[in-house]
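Listed below, chain by chain, are the residues.
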Amino acid sequence: MMSEQSKVVVVTGGASGIGYAFVEYLARAGHRMVIADLRGTEEATARIRNQGLAAIGVTTDVVKRDDVEKMVEAASKEYGGIDVLVNNAGLFTTLSLKPFDRITEQEWMRVMEVNTLGPFLCAKAVVPVMRKKGSGRIINIASTTPIKGTPMMLHYVASKGAVIAFTRSLAKELGNDNITVNAIAPGFTLSEGVLQSGLHEKMPDTARKTSRTIQRDQVPEDLVGALAFLASDEAGFITGQTLAVDGGSVFL
Ligand SMILES: NC(=O)c1ccc[n+]([C@@H]2O[C@H](COP(=O)([O-])OP(=O)(O)OC[C@H]3O[C@@H](n4cnc5c(N)ncnc54)[C@H](O)[C@@H]3O)[C@@H](O)[C@H]2O)c1
């Protein structure tokens, strides 16, 4: 799969957690990485470059159009284009579990902003570069929570449901541009952010393990194969799809 030509891959939220696992895996496979994150881009880029691999870091807030456009310019200048956009940045690990009627309007708007406006602005800025090249891949990181109807984080679940809908409609709009749009829906994953927040300690065993076919905790590395496949040339006829990677907890 990775014997193909080196691609330029933007990973939003790529400085830590699942995003960093994506960056490291694809960089080791020979791809040139653009780490776009609010914080930690310098450290993450140094960790990749210290392995002799290719990456640049661009401090980016995905909800700020100017930041996103500058990030696309920096990637194009450094590497001559963008082949793959991974919309991974999201608000999840900093959220607390609460009943829907205790979520404030501000919390609702902020989660929607980062988790839905962010991918929209990034796609809008990257698509002209992909169109120019005549091909591209957009991979959105959704979640299995809207499929399960997970309680106690309604804003988050609704935002990730929107990401799945966004994936389908955008795929239809970009089919003739040879740009595929797919989503990966991870199950509950022990990312850096989850471990720091202690969220995993509050999750019932059913969410973490026993509802899975493969009954163990999920780690960021469980997601890299799906990403590499959807980014590959071999996946060129797959679009609009959501691939659940959760040890067989939900079946789509
Ligand atoms: N961890 C899980 O259980 C899980 C499950 C399903 C889906 N997801 C999704 O996977 C993605 C990554 O999750 P994670 O657990 O690694 O999260 P995390 O909180 O550990 O990391 C998120 C990254 O996004 C960055 N970020 C946040 N807001 C940003 C913004 N406005 N602009 C740019 N970067 C921003 C953060 O700095 C951080 O590096 C998220 O979209 C999340 O919703 C996570």
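Reading the values: the criteria
Residues numbered from 1 in each chain as written. Predicted model: local features only at pLDDT ≥ 70, side-chain atom pairs only at ≥ 80, totals over all residues. Heavy atoms only, no water. Helix = DSSP H or I, 4+ residues; strand = E, 2+ residues; numbered from the N terminus. Rg over C-alpha atoms; globule rule 2.2 N^0.38 Å. Buried < 20%, exposed > 50% of the residue type's maximum accessible area, 1.4 Å probe, protein only. Contact = heavy atoms within 4.5 Å. Areas by Shrake-Rupley, 256 points an atom, 1.4 Å probe, with all protein chains shown as cover. Lys, Arg positive; Asp, Glu negative; His and termini not counted. Charge placed at Lys NZ, Arg CZ, Asp CG, Glu CD. UniProt positions renumbered as here; feature names shortened; annotations may be inferred. Near = heavy atom within 4 Å. Polar contact = N/O pair within 3.5 Å; in protein donor to acceptor, adjacent residues only side chain to side chain. Nonpolar A, V, L, I, M, F, W, Y, C, P; charged D, E, K, R; others polar. Axes fitted to C-alpha atoms, helices over the stretch in contact; angles between N-to-C directions. Left-handed = near helix turned anticlockwise from the far one by under 90°. Expected span 1.5 Å × (residues − 1).

When helices and strands are tallied, the chain shows 10 helices and 7 strands. Taken over the C-alpha trace, the chain has a radius of gyration of 17 Å; the compact-globule value for 252 residues is 18 Å, and the two agree within 12%. Among the 252 residues that make up the chain, the fraction classed as buried is 52%. Expressed as a percentage of contacts within the chain between residues at least 6 apart in sequence, the contacts between residues at least 24 apart total 71%. Accessible surface for the chain amounts to roughly 11,900 Å². Of this, 53% is attributable to carbon and sulfur atoms. Taking the average location of the 27 positive side-chain charges in the chain and that of its 27 negative ones, the two points are 2 Å from each other.

A separate point is the UniProt feature "domain: Ketoreductase" (unreviewed entry) in the chain. Residues annotated in UniProt with the feature "domain: Ketoreductase" (unreviewed entry) correspond here to residues 7–187. Secondary structure across residues 7–187 divides into 50% helix and 19% strand, with the first and last C-alpha atoms of the span separated by 27 Å.

Taken together, 28 residues surround the ligand, and among them Asp 37, Asn 88, Thr 93, Thr 189 and Ser 191 come closest. In this structure, Asn 88 approaches the ligand through a main-chain N or O atom, which is 2.7 Å from an oxygen atom. At the level of secondary structure, the elements contributing two or more residues to the shell around the ligand comprise helix 1 (17–28), helix 6 (154–174) and helix 7 (192–197). Looking at the shell around the ligand residue by residue, the classes come out as 12 nonpolar, 12 polar and 4 charged.

Moving on, we come to the packing of helix 3 (residues 65–79) against helix 4 (residues 105–133). With their axes 9 Å apart at the nearest point, helix 3 and helix 4 run at an angle of 30 degrees to one another. Between helix 3 and helix 4 lies a crossing of right-handed hand. Residues Arg 65, Val 68, Glu 69, Val 72 and Ser 76 of helix 3 pack against Leu 121, Cys 122, Ala 125, Val 126 and Val 129 of helix 4. Residues of the contact of helix 3 with helix 4, tallied by class, amount to 7 nonpolar, 1 polar and 2 charged.

Moving on, we get to helix 6. Here helix 6 spans 30 Å end to end across 21 residues, near enough to the 30 Å set by a 1.5 Å rise per residue. Within helix 6 the residues assigned to the buried category are His 155, Tyr 156, Val 157, Ser 159, Lys 160, Val 163, Ile 164, Thr 167, Leu 170, Ala 171 and Leu 174. On the buried face of helix 6, the contacting elements are helix 4, strand 5 (136–141), helix 5 (145–148), strand 6 (179–186) and strand 7 (242–245).

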